[in-house]
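Spelled out, the chains give:
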Amino acid sequence: MVGLVQLQSGMMFGGDYRVVRPLSQGGMGAVYVAEQVSTGMLRALKIMHPQLVADARARERFLGEARIGAQIASEHVVSVVGAGIDPLTGTPWLAMELLEGEGLDALVTRRGALKPNEVWELIEQLGHALGAAHARGVVHRDLKPENIFVATARRQGASFTVKVLDFGIATVVAEDQTAATVTSALGSPLWLAPEQTNRGGRVAPTADVWSLGLLVFYLLTGRT
């Protein structure tokens, strides 16, 4: 499997997606705006970085984002509409709903500390996503401003819609384990719960609650 360095505008990928333009870069892959030819809808197409394609664990983690996200019953988790491995290049890909808005990091950089009523609304929606994830035994493990998107609301009366991104390193807590699961240390150090800093530590939903508390401080003060 050789993977792809980048996609070019106009090229077809994954059998049903025509690339429009680059959108962003992340730790696991690059994201493009692409037209889903079968529906005519614009999607966010995420492909895995070529240097990671040969790593079986990295591929499983990447594609696991689609499976895990589909288990969570919340409008505040980004919807994955398709996933697979491109047969020509061996590159794993995800197709997600294309959102309009900005990342929480960009929002706070632009505006600084937010008003308390805005923070309340943000945390309420974020809490809905986390509550739904935890109810399914899913711990996000990498909750940070870069993984939270403040999207333009699509329903009347709402100021915005929070969307949680990147469940690629999420932990699925086994049903026969009552409290936690043993995992390797993964995530972004600034936002990690203490138990995540030790390799082999036991990570439970409380790890996300720790990160949520740090996010509240960040939103109210404009700093970490």
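As the structure is a computational prediction, the values presented were derived from the model and not from experiment. (Residues numbered from 1 in each chain as written. Predicted model: local features only at pLDDT ≥ 70, side-chain atom pairs only at ≥ 80, totals over all residues. Heavy atoms only, no water.)

Overview of the sheet that holds strand β7 (residues 101–103)
Spatially, β7-β9-β10 is the arrangement adopted by the three strands of the open sheet, whose pairing is antiparallel. In the strand order of this sheet, the two ends are held by β7 and β10 (161–164), each with one partner. Sheet twist, expressed as the mean angle between neighbouring strand axes with direction ignored, is 25°. (Pairing = 2+ DSSP bridges. Helix = DSSP H or I, 4+ residues; strand = E, 2+ residues; numbered from the N terminus. Axes fitted to C-alpha atoms, helices over the stretch in contact; angles between N-to-C directions.)

Focus on the layout of surface pockets
Here the largest pocket is characterised by a volume of approximately 790 Å³. Lining the largest pocket are 30 residues, with Ser-24, Val-31, Glu-146, Asn-147 and Leu-165 sitting closest to its centre. For the lining of the largest pocket, the secondary-structure elements that each account for two or more residues are β2 (17–25), β3 (29–36), β4 (41–48), α1 (56–70) and β6 (92–97). The leading source of residues in the lining of the largest pocket is β2, at three residues. Here the residues of the lining of the largest pocket sort into twelve nonpolar, nine polar and nine charged. (1 Å grid on protein atoms, 1.4 Å probe; cavity = no way out; pocket = protein on both sides within 12 Å on 5 of 7 lines; lining within 4 Å. Points joined across faces, edges and corners; volume = space filled by probe spheres on them. Nonpolar A, V, L, I, M, F, W, Y, C, P; charged D, E, K, R; others polar.)

Concerning the confidence of the model for the protein chain
Chain-level statistics for the protein chain give a pLDDT mean of 86 and a share of 88% at 70 or above. Per-element confidence in the protein chain ranges from a low mean pLDDT of 38 for strand β12 (residues 181–182) to a high of 97 for helix α2 (residues 104–111). (pLDDT = per-residue confidence, 0-100.)

Describing α2
What α2 keeps buried is the set Leu-104, Leu-107 and Val-108. Projected down its long axis, α2 carries its buried residues within an arc of 90°, all on one side. Exposed positions of α2 whose direction lies more than 90 degrees from the buried face are Thr-109 and Arg-110. Those residues of α2 that are buried are in contact with β7, α3 (116–135), β9 (148–151) and α4 (206–221). Following α2 by one or two positions, Gly-112 has its phi on the positive side, about 80°. (Buried < 20%, exposed > 50% of the residue type's maximum accessible area, 1.4 Å probe, protein only. Arc of directions from axis to C-beta. Contact = heavy atoms within 4.5 Å.)

What to know about the pattern of salt bridges
Tallying each qualifying case throughout the model produces eight salt bridges. For Glu-60, the salt bridge goes to Arg-67, with nearest N and O atoms at 2.3 Å. Owing to a relative accessible area of 43%, Arg-67 belongs among the partly exposed residues under this scheme. A salt bridge links Glu-102 to Arg-110; the shortest N-O distance between them is 2.4 Å. Salt bridges linked by common partners bring Glu-97, Arg-154 and Lys-163 together as one network. (Salt bridge = Lys/Arg side-chain N within 4 Å of Asp/Glu carboxyl O.)

A few points about the pairing of β10
Because side chains alternate across β10, one face comprises the buried residues Thr-161 and Lys-163, and the other comprises Val-162 and Val-164, equally buried. Here β9 runs beside β10; their pairing, made up of four bridges, is antiparallel. Following the sheet pairing, Ala-151 is matched in β10 by Thr-161.

Description of the nonpolar core
Within the largest apolar cluster, 28 residues are counted, with the highest numbers of intra-cluster contacts made by Ile-72, Leu-104, Leu-122, Leu-126, Phe-167 and Leu-219. Listed by contribution, the elements that provide at least two residues to this core are α2, α3, β9, β10 and α4. For this core, the element with the highest residue contribution is α3, accounting for eight residues. In this structure, Leu-122 is in contact with Leu-104, Leu-114, Val-150, Phe-160, Val-162 and Leu-219, ignoring residues within four places of it in sequence. Membership of the second largest hydrophobic core comes to eleven residues, among which are Leu-7, Ala-34, Leu-45 and Trp-93. (Core = buried A, V, L, I, M, F, W, Y, C linked by side-chain atoms within 4.5 Å.)

Topic: the packing of α2 against α4
Angle between the axes and distance between the axes are the two parameters that describe a pair of packed helices. Contact geometry for α2 and α4: axes closest at 10 Å, N-to-C directions at 30°. Overall, the two elements α2 and α4 adopt an arrangement that is roughly parallel. Residues Leu-104, Asp-105 and Val-108 of α2 pack against Leu-215, Tyr-218 and Leu-219 of α4. Class assignment for the residues of the contact of α2 with α4 results in five nonpolar, no polar and one charged. (Parallel < 35°, antiparallel > 145°, perpendicular 65-115°, else oblique.)

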